[in-house]
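Coordinate analysis (summary)
Spelled out from the first residue to the last, the chains are:
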Amino acid sequence: MRCYLQAFLLCMALTLFSVLYVFNQLASTLENRGDWDPKEEGIAEKSHDTGDVLRKKPGLAGLRDRGGLDRERSSSAVKEHSDWRSHLAVVACGPRLEETLNMLKSAVLFSKKPLHFYIFAEDDLHDSFRNALDSWPRTVQTKFNFTLYPITFPKDNVKEWKKLFKPCASQRLFLPLILKEVDSLLYVDTDILFLQPVEDIWALLSNFNSSQLAAMAPEHEEPRIGWYNRFARHPYYGKTGINSGVMLMNMTRLREKSFKNDMTPVALRWEEILMPLLQKYKLNITWGDQDLLNIIFHHNPESLYVFPCQWNYRPDHCIYGSNCQQAEQEGVFILHGNRGVYHDDKQPAFRAVYEAIQKYPFGENMEASLLRPLEASLQTTTNSYCGRASHLFTKKLQQSIMSAQQDATQRR
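Think of each chain on its own: its residues are numbered from 1, step by step along the sequence as written. A pLDDT threshold of at least 70 governs which residues receive local features in this predicted model, and a stricter bar of 80 or more applies before side-chain atom pairs are shown or counted, although totals over entire chains, interfaces and linings include all residues. Side-chain measures were taken over the full set of non-hydrogen atoms in the model, leaving aside hydrogen atoms and water.

A closer look at the pattern of salt bridges
Take a side-chain nitrogen of Lys or Arg and a carboxyl oxygen of Asp or Glu: if they are within 4 Å of each other, that pair is a salt bridge. Within the structure shown, the criterion is met by 15 salt bridges. Among the ionic pairs, Glu-302 bridges to Lys-257, the shortest N-O distance being 3.2 Å. Of the two residues, Glu-302 is situated in the loop between helix H12 (289-299) and strand S10 (304-306) and Lys-257 in the loop between helix H10 (251-256) and strand S8 (258-259); the sequence distance between them amounts to 45 residues. For Arg-351, the salt bridge is made with Asp-345, and the minimal N-O distance between the two is 3.1 Å. Under the relative-accessibility criterion, Arg-351 is labelled partly exposed at 26%. Residues joined in a network through salt bridges with shared partners are Glu-219, Arg-314, Asp-316 and Arg-339. To qualify as a helix, a DSSP run of H or I must reach at least 4 residues; to qualify as a strand, a run of E must reach at least 2; elements of each kind are numbered from the N terminus. Here the term buried applies to any residue with accessible area under 20% of the maximum for its type, exposed to any over 50%, and partly exposed to those in between, with areas from a 1.4 Å probe on protein chains only.

As C-alpha cells, this is what we get:
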C-alpha cells in the first residue's frame, strides 16, 4: 500500500512540475510580447502602396482601397478593380531571389485583378527585388503593388526561430502579428507556380464557415506513402497531416482566436502559443513551422478549411503514380516544386514548367511563347511518372492563358 502511495505522490509531483513549467513558458511569452514591436524593428519598410482599409469580413467583399497608389501603380485599371485586390506574402532567404521572382511572375501573368505582394527578405536582397520588379514593363507593373519587409523574429528567441527547419521559414508564423492591418492573406513558399489566377484561390475565403480561419491542403493523398502517419512523433492534423506551402488565412480571426492545446487547460492566443509549443516539441519536430501548424490544428480541427490537392500539387502526387483525383479531373491549379525539383533533373516535368515561365518574355503571345514550348518540353519527360501525368500541368494553364489573352484584348 505504501508503494502505491509513493507512486501516486511521485506522479502528482511530476504533474505539478510540468504545469509550472508550461505556465513559466507562457508567462515568459506574455512578458516579452511588449519587447517585439514591428515598428521598432523597421517592419513597415519600403512600401510601394499607401495601405488598405481593414477588411471586416473574409472573401472578396473587403479591403476597400483608399485610392492612393504610388506613381508607378496609378493606372485606371488598378483603381477600377481595387476592391478585389488579392494579398500575397512570401519569405525569401539565401539563394531564393530568382525562384521568388518567377513565382511572382506566374501570379501576375494570369491574374485579372490587382495584387499586393508582401515580400519578406534578408536586407541584402531588397535592392535586387526592387530593381527586378521595377524593371518589369509598365503595363505589367499596373497589375500589382509590393512592400518589402526585413526578416523579423521576437527579440529573445531570434536564433531559435531562424534556425528552425530552413533559414527564415518560420517567419510565416509571425505574419499575423506583423501585418496587423491586413485582414486576409495568401502565404506561399518561394517554389510555388500559379497556373491559374490568384483570385481563384483567394475566393475560397468566402467558403470559410464561421469557425474556420485558415486553409491548407493535405500533406498526402495516399496514406501508404504518407510521412506524418508513418513517422511523426507529435500530433498532426487529420489522417496524413497538412502542407503549409500554400496557406490562405483570415488573419483577423486568427488574431482573435484562443487555441486549445495540450500544454495547459487554458486556451492560448496566437502570440501566446508559439514559443511554449516550440519548447515542448522542438526535439520531436522535423519540418519546423509546418509541424507546429499541424500540432495547432490537430487540437483545433474546426478552425481549418481543407482544400483539394490540385491547389498544392507536389511531386508526391505523381512520383509513384498519379494520386490526386481532383487534378485528374480539373488539372493542376498551383504547382509546388518542393525539394528543389525546379533546379535538378529528378523531376523534369516540374523543371519544364518552371523554365517555361522563366523564359517567357512579358508582352509576347502566351499561347505561342509559353504554352506551346512547354508542351514540347513536357513530351520529353514521359520516362517518369510525373512526366506521364504532365498533361495535368497544362490542362488548367491552357484555360488561364486563353482567358488572360481574351481579357487583354478586351482592355485594348
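From this point, the narrative continues.
So, the sheet that holds strand S7 (residues 242-250)
At least two DSSP bridges between two strands are needed for those strands to be called paired. With respect to topology, seven strands assemble into an open sheet ordered S3-S2-S1-S4-S7-S6-S10, the strand pairing being mixed. With one partner strand each, in any of the chains shown, strand S3 (144-149) and S10 form the two edges of the open sheet. Neighbour to neighbour, the strand axes of the sheet diverge by 25° on average, direction disregarded. One ladder, built from two bridges, connects strand S1 (residues 86-92) with strand S4 (residues 184-188); its direction is parallel. If you follow Leu-88 over to S4, its bridge partner there is Leu-186. Any two residues having at least one pair of non-hydrogen atoms within 4.5 Å are treated as being in contact. All axes here are fitted lines through C-alpha atoms, helices being fitted over the stretch that makes contact, and every angle between N-to-C directions spans 0 to 180 degrees. Each of S1, strand S2 (115-121) and S3 touches helix H4 (residues 126-135); the most contacted strand, S3, lies at about 170° to it. With respect to the sheet, H12 is in contact with strand S6 (214-218), S7 and S10, its orientation differing from that of S7 by roughly 65°.

Points about the packing of helix H3 (residues 97-110) against helix H14 (residues 348-359)
In the contact formed by H3 and H14, the axes pass within 10 Å of each other and the chain directions differ by 75°. Of the possible angle classes, the one that applies to H3 and H14 is roughly perpendicular. Where H3 abuts H14, its residues Glu-98, Glu-99, Asn-102, Lys-105, Ser-106 and Leu-109 lie against Tyr-354, Ile-357, Gln-358 and Lys-359. As a working rule, the residues Ala, Val, Leu, Ile, Met, Phe, Trp, Tyr, Cys and Pro are called nonpolar, Asp, Glu, Lys and Arg charged, and the rest polar, with Gly in that last group. A class-by-class count of the residues in the contact of H3 with H14 yields three nonpolar, three polar and four charged. Throughout, the term roughly parallel applies to angles under 35 degrees, roughly antiparallel to angles over 145, roughly perpendicular to angles from 65 to 115, and oblique to all others.

Considering unusual backbone geometry
Positive phi is not limited to glycine here, since Arg-339 has a value of about 60°. Residue position: Arg-339 is located in the loop between strand S11 (334-336) and H14. Owing to a relative accessible area of 53%, Arg-339 belongs among the exposed residues under this scheme.

So, the state of the cysteines
In this description, a disulfide is simply a cysteine sulfur pair whose atoms lie within 2.5 Å. In this structure the tally under the stated criterion is three disulfides. Residue pairing for Cys-93: its cysteine sulfur links by disulfide to Cys-168, the two sulfurs lying 2.1 Å apart. Since a negative S-S torsion denotes a left-handed disulfide, the Cys-93-Cys-168 link at about -95° is left-handed. With Cys-93 in the loop between S1 and H3 and Cys-168 in the loop between helix H6 (158-162) and helix H7 (175-178), this residue pair connects regions lying 75 residues apart in the sequence. Comparing Cys-93 with Cys-168 shows no difference in burial state: the two are buried. Covalent S-S linkage joins Cys-318 and Cys-386, the inter-sulfur distance amounting to 2.0 Å. Across the disulfide from Cys-318 to Cys-386, rotation about the S-S bond amounts to roughly 90°, and the bridge is consequently right-handed. One end of the pair, Cys-318, is in the loop between S10 and helix H13 (325-330); the other, Cys-386, is in helix H16 (residues 385-388), with 68 residues separating them in the sequence. Judged by relative accessible area, which is 0%, Cys-318 ranks as buried. What makes Cys-386 buried here is its relative accessible area of 1%.

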